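The lines below spell out each chain.
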Amino acid sequence: MPPTLADVAVIGGGLSGLMAALLLEQQGTHDVALFEARPGLGGRIASMDAAGAPVDCATPALDRFDLGPTWFWPDYQPQLARLVRDLGLTCFEQYDRGDMLIERFAGEPALRRPGLRSAPASVRLSGGTGALIAALHERLDARRIHVGHAVRRLHRAADHVELEVENARGEIACWRARQVLLALPPRLAASRLAFEPALPAELLRDWLATPTWMAPHAKYVAVYERPFWRDMGLSGDAQSRHGPLVEIHDVSMPGGHAALFGFVGVPATARRGLPAQVLQTHCREQFARLFGPAAAHPLADGLKDWAADPLTATDADQDAAGHHVAAPPARPASGPWSACLAGIGSEWSAEYPGYLAGAVDAAARGVRAALGASA
Ligand SMILES: Cc1cc2nc3c(=O)[nH]c(=O)nc-3n(C[C@H](O)[C@H](O)[C@H](O)COP(=O)(O)OP(=O)(O)OC[C@H]3O[C@@H](n4cnc5c(N)ncnc54)[C@H](O)[C@@H]3O)c2cc1C
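Residues numbered from 1 in each chain as written. Predicted model: local features only at pLDDT ≥ 70, side-chain atom pairs only at ≥ 80, totals over all residues.

Our focus in this paragraph is the overall build of the protein. When helices and strands are counted, the protein shows nine helices and 20 strands. Taken over C-alpha atoms, the radius of gyration comes to 21 Å for the protein, in line with the 21 Å a tight globule of 375 residues would show. Taken along the three principal axes of its C-alpha coordinates, the protein extends 70 × 40 × 40 Å. Split into buried and exposed, the 375 residues of the protein put 47% on the buried side. Sequence separation of 24 or more characterises 69% of the internal contacts of the protein that already satisfy a separation of 6 or more. (Helix = DSSP H or I, 4+ residues; strand = E, 2+ residues; numbered from the N terminus. Rg over C-alpha atoms; globule rule 2.2 N^0.38 Å. Buried ≥ 20, exposed ≤ 12 C-beta atoms within 10 Å, placed from the backbone. Contact = placed C-beta atoms within 7 Å.)

Next up, the structure:
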């Protein structure tokens, strides 16, 4: 089959990839092909519904719960705040009224303390952060988006890049593009994509050394009919040294169900030997210990282990650090790839590396550079 042509190929259908596709579209570049390896869009933005089933973030829905990112900070992140406004999304402040609980040691009752109010407030979206994906998807030409298509190899030819793309049935197709935007974490791009000729060794080292934000983590969510902990004057916030959850918050959805979530403190390497069912049972027991017997019986619950997801984490992400670091260079300074390739995943943002706001920032910069290069 002859190769299919596009002006710009975007690799990754998370926030950065969809944002880039929208900006390209708005600036008159309609010949875009976006490839997403997973069967659905969103990347690290992932949700479950009130029955605990994973949901397609591209479909608008209100009553759903974040398994990935939850908050943004409009005061610090004006570009993302503008996007939320322009997309017509509704946001609200994180619920933090009431006391918080602190678990120090096994067997010792949790301490109750006045809650800490975050300033400026952490802000959530109605419908969860999946609402961003649904709203972007709605504005894009569906014919340009290829889900279940993993890019495997990039070959630099004279005036274009050839991309080898594998679909869910294992069939390989060849695409050609003038510009390629890498809308995935730098470490994943460097370890999973084959570049011919190879990228400069120093750049590859920098990308491999960039931790993917939150990749070592796992998140547990439990859904309830109502937020009964608020009746006891509790905010739903808790910290624990005992675990398995180390940081817990109320993620009830206004107009939908009540929910609590927690970050799992068991390191990724130890989680590997632990069946998810067992970990979920321990999480439910911890919620019951903290918030009373009603918490032991959620309507539904779910666990997402990001470290076990090869489309987010690599072997190098399995240790618990996963901290923010300075963004690596987004493109080679010279050589065959310098004029046709740019990294736009969140970790490439100099201002907000790893955050949702970083995905928006890096996408905007990458699109400006790509359009400048092809002008
Ligand atoms: C548990 C958790 C909590 C978080 N909390 C917050 C928060 O509260 N606030 C905040 O600002 N940020 C938070 N983050 C970070 C936030 O989720 C990310 O910054 C953001 O979603 C990154 O978007 P992205 O498009 O750059 O990358 P990703 O979302 O990782 O998207 C990359 C996409 O590329 C695809 N892909 C990978 N390989 C290929 C391939 N070979 N071919 C085609 N496609 C491929 C992947 O499937 C994925 O869809 C959190 C992340 C996690 C995991």
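You can read the domains of the protein as domain 1 (1–44 + 129–211 + 326–375) and domain 2 (46–127 + 214–323). A C-alpha centroid distance of 29 Å is found between domain 1 and domain 2. Taken together, the contact pairs 23 residues of domain 1 with 32 residues of domain 2. Only helix H3 (130–139), helix H4 (186–192) and helix H9 (356–374) provide two or more residues apiece to the side of domain 1 that touches domain 2. Element by element, the count of residues in the side of domain 1 that touches domain 2 is highest for H3, at seven residues. Looking at side-chain class alone, the side of domain 1 that touches domain 2 contains 13 nonpolar, six polar and four charged residues. (Domains from an automatic or database assignment. Nonpolar A, V, L, I, M, F, W, Y, C, P; charged D, E, K, R; others polar.)

On to H3, then. With eight of 10 residues buried, H3 is to be regarded as a mostly interior element. Residues of H3 that are buried include every one of Gly 130, Ala 131, Leu 132, Ile 133, Ala 134, Ala 135, Leu 136 and His 137, and no others.

Every one of the 42 residues lining the ligand counts as a neighbour, but Gly 12, Gly 14, Gly 43, Pro 69 and Met 214 are closest to it. Counting only elements with at least two residues in the shell around the ligand, the list comes to helix H1 (15–26), strand E2 (32–36), strand E11 (149–156), H4 and H9. Considering each element in turn, the shell around the ligand owes the most residues, four residues, to H9. Broken down by class, the residue content of the shell around the ligand amounts to 23 nonpolar, 14 polar and five charged. Inspection of the shell around the ligand shows a minimum of three residues originating in each of domain 1 (1–44 + 129–211 + 326–375) and domain 2 (46–127 + 214–323). (Near = placed C-beta within 6 Å.)

Bringing the pairing of strand E13 (residues 172–182) into the picture now. Across seven bridges, strand E1 (residues 4–11) lies against E13 in parallel orientation. When the bridges of E13 are listed, Val 8 appears paired with Gln 179. The pairing of strand E12 (residues 161–167) with E13 spans six bridges and is classified as antiparallel. Bridging across to E13, Glu 166 finds its partner in Ile 172. Taken together, E12 and the strand that follows it, E13, pair antiparallel across an intervening segment of four residues, in which Gly 170 is found at a positive phi of about 85°. (Pairing = 2+ DSSP bridges.)

The strand order across the open sheet built from three strands is E4-E3-E5, with neighbouring strands paired in antiparallel fashion. At either margin of the open sheet sits one strand with a lone partner, and together these are strand E4 (54–55) and strand E5 (64–66). Sheet topology note: the strand E3 (residues 47–49)/E5 ladder contains three bridges and is antiparallel. Each bridged residue has a counterpart across the sheet, and for Asp 49 the counterpart in E5 is Arg 64.

Now for unusual backbone geometry. In this model, Glu 196 is joined to Pro 197 through a cis peptide bond whose omega is -5°. On the secondary structure map, Pro 197 appears in the loop between strand E14 (194–196) and helix H5 (201–208). Note the cis peptide between Gly 243 and Pro 244, where omega equals 10°. With respect to the helices and strands, Pro 244 occurs in the loop between strand E16 (234–240) and strand E17 (245–250). Despite not being glycine, Met 214 has its phi angle at roughly 75°, a positive value.

What the seven strands build is an open sheet, ordered E8-E7-E16-E17-E18-E15-E19; its pairing is mixed. Sheet topology places strand E8 (111–114) and strand E19 (300–305) at the edges, where each strand pairs with a single neighbour. Averaged over all pairs of adjacent strands, the angle between their axes in this sheet comes to 20°, without regard to strand direction. Lying over the sheet, helix H8 (residues 276–291) contacts strand E7 (99–103), strand E15 (218–224), E16, E17, strand E18 (258–264) and E19, oriented at roughly 120° with respect to E19. (Axes fitted to C-alpha atoms, helices over the stretch in contact; angles between N-to-C directions.)

Ala 9 and Ala 259 are the most contacted members of the largest nonpolar core, which has 106 residues in total. Here the element with the most residues in this core is H9; it accounts for eight residues. Both domains that furnish three or more residues to this core are identified here as domain 1 (1–44 + 129–211 + 326–375) and domain 2 (46–127 + 214–323). Excluding residues that lie within four positions of it along the chain, Ala 9 makes contacts with Ala 33, Phe 35, Leu 163, Trp 175, Ala 177 and Val 180. (Core = buried A, V, L, I, M, F, W, Y, C linked by C-beta atoms within 7 Å.)

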